[in-house]
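Analysis of the macromolecular model
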Amino acid sequence: MNTKILLAAAAVAALAGCQTLPKTQPAPTQTINAPIKFSIGGKIGITSASAEGNQSGTAFYAWTQDAERFAIDLTGALGIGATSISFDGKTATLTSERTGEINASTPEELLLRATGWQAPISQLPYWIVGRAAPSDSNHSHDDAGRLLSATNGDWTANFEYKGNTPNRLRITHTDGHRVVMTMTHMQ
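Everything numeric here is computed off the predicted structure, so don't read it as measured data. (Residues numbered from 1 in each chain as written. Predicted model: local features only at pLDDT ≥ 70, side-chain atom pairs only at ≥ 80, totals over all residues. Heavy atoms only, no water.)

1. Considerations on the overall build of the protein
This is how it is decided: The way it works is that DSSP assigns letters per residue, a run of H or I at least four long becomes a helix, a run of E at least two long becomes a strand, and they are numbered from the N terminus. Burial classification: accessible surface area is computed with a 1.4 Å probe over protein chains only, and a residue below 20% of its type maximum counts as buried, one above 50% as exposed, and the rest as partly exposed. Throughout, a residue-residue contact means that at least one pair of heavy atoms, one from each residue, lies within 4.5 Å. To measure how exposed things are, a 1.4 Å probe is used in the Shrake-Rupley method; for residues, cover is taken only from the protein chains shown.
Along its length, the protein carries 3 helices and 11 strands. Here the protein holds 187 residues, and 48% of them are scored as buried. Put simply, of all contacts in the protein between residues at least 6 apart along the chain, 44% involve residues at least 24 apart. For the protein, the exposed area adds up to about 8,500 Å²; of that, 48% sits on carbon and sulfur atoms.

2. As for the side chain of threonine 93
Under the convention used in this document: Pairs of N or O atoms within 3.5 Å make up the polar contacts considered here, provided that, within protein, one atom can donate a hydrogen while the other can accept it, and that residues adjacent in sequence are counted only when both atoms are side-chain atoms.
Mapped onto the elements, threonine 93 comes out in strand S5 (residues 92–96). At a separation of 2.7 Å, a polar atom in the side chain of threonine 93 contacts the side chain of asparagine 103.

3. Overview of the pairing of strand S9 (residues 155–162)
The following threshold applies: The pairing criterion is simple: DSSP has to find at least two bridges between the two strands.
Burial along S9 is one-sided: the residues Trp155, Ala157, Phe159 and Tyr161 are buried and none of Thr156, Asn158, Glu160 and Lys162 is. Relative to S9, strand S8 (residues 147–152) runs antiparallel, the two sharing 4 bridges. Directly across from threonine 151, in S9, lies its bridge partner threonine 156. Here S8 folds back onto S9, and the loop between the two strands holds 2 residues, one of which, glycine 153, carries a positive phi near 65°. As paired strands, S9 and strand S10 (residues 165–173) are joined by 8 bridges and run antiparallel to one another. Within S10, the position partnered with asparagine 158 by the bridge is arginine 170. If you look at the hairpin formed by S9 and S10, you'll find 2 residues sitting between the two strands, and glycine 163 has a positive phi there, around 85°.

4. Description of the environment of proline 166
If you trace the backbone, proline 166 turns up in strand S10. Distance from proline 166 to isoleucine 128, taken between C-alpha atoms, is 6.5 Å for residues 38 residues apart in sequence. Apart from residues no more than four positions distant in its own chain, proline 166 is found in contact with Trp127, Ile128, Val129, Gly130, Phe159, Glu160, Tyr161, Met183 and His185.

5. Comments concerning the pairing of strand S1 (residues 37–48)
In terms of burial, S1 is largely enclosed, as 10 of its 12 residues are buried. Pairing geometry for S1 and strand S2 (residues 55–66), over 12 bridges, is antiparallel. Bridging across to S2, isoleucine 46 finds its partner in glycine 57. The hairpin formed by S1 and S2 contains 6 residues between the paired strands, and glycine 53 there has a positive phi angle of roughly 110°.

6. Examining the packing of aromatic side chains
Heads up, the condition is: Pairs were defined over the aromatic rings of Phe, Tyr and Trp, the Trp ring being its six-membered one, requiring ring centres within 6.5 Å. Orientation was assigned from the angle between planes: stacked under 30 degrees, edge-to-face over 60, tilted for the rest. Whether a charge sits over a ring depends on NZ of Lys or CZ of Arg being within 6 Å of the ring centre and within 35 degrees of the ring normal.
Applying the stated rule across the entire model yields 3 aromatic pairs. Plain terms: the ring middles of tryptophan 127 and phenylalanine 159 are 6.5 Å apart, the flat faces sit at 90° to each other, and that makes the pair edge-to-face. Of the two residues, tryptophan 127 sits in helix H3 (residues 124–128) while phenylalanine 159 sits in strand S9, which places them 32 residues apart along the sequence. Overall, the relative accessible area of 0% leaves tryptophan 127 in the buried class. The residue whose ring lies beneath arginine 146 is tyrosine 161, and the NZ or CZ to ring-centre distance is 4.6 Å.

7. Considerations on the pattern of salt bridges
The following threshold applies: By definition here, a salt bridge exists when the distance from a side-chain nitrogen of Lys or Arg to a carboxyl oxygen of Asp or Glu is within 4 Å.
For the structure on display, the rule yields 4 salt bridges. Here arginine 168 ties to glutamate 160 by a salt bridge, and the two come within 3.5 Å at their closest N and O atoms. The class of glutamate 160 is partly exposed, set by a relative accessible area of 34%. Arginine 170 is paired through a salt bridge with glutamate 160; the nearest N and O atoms lie 3.0 Å apart. Separated by 10 residues along the polypeptide, arginine 170 in strand S10 and glutamate 160 in strand S9 bring together distant segments of the chain.

Shown next as structure tokens:
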């Protein structure tokens, strides 16, 4: 399996955005003025379309987000060994047994540097708590006010729920790339 695709999946799971919470309708577990804060665990899978056909991989993760800072640990990390990704507000760092340490000034730059891949990284924290991201061009809600879908550029996220917070995100790109995240909210 292509190492860059595997790193992309790990990085997509791990690279949360560097934005603060917008002043829009709050998700049930987030207040309007509070920064995004959560602790989740789950599984991420990625399917990448290429000229050679589809490639896919999965990993388990634990993700803690506090405003723009985050830390993510991946295990069974898509064939690339144990992987940690963090952002302290100034530097994004990916460390894995296979790649060593890679640093960048933003999570988006880190993903591009590590994998050559672009993804809707800054939107993930919003989507994880069931909120539309400020840069989403379109979104829809169910009768209970929960976010059902959000579009950001060529990416579309679809949400599944158990209660008030999403427990699964299906994120697809118009070129066939797909990311599926299952989430158990611990906070």
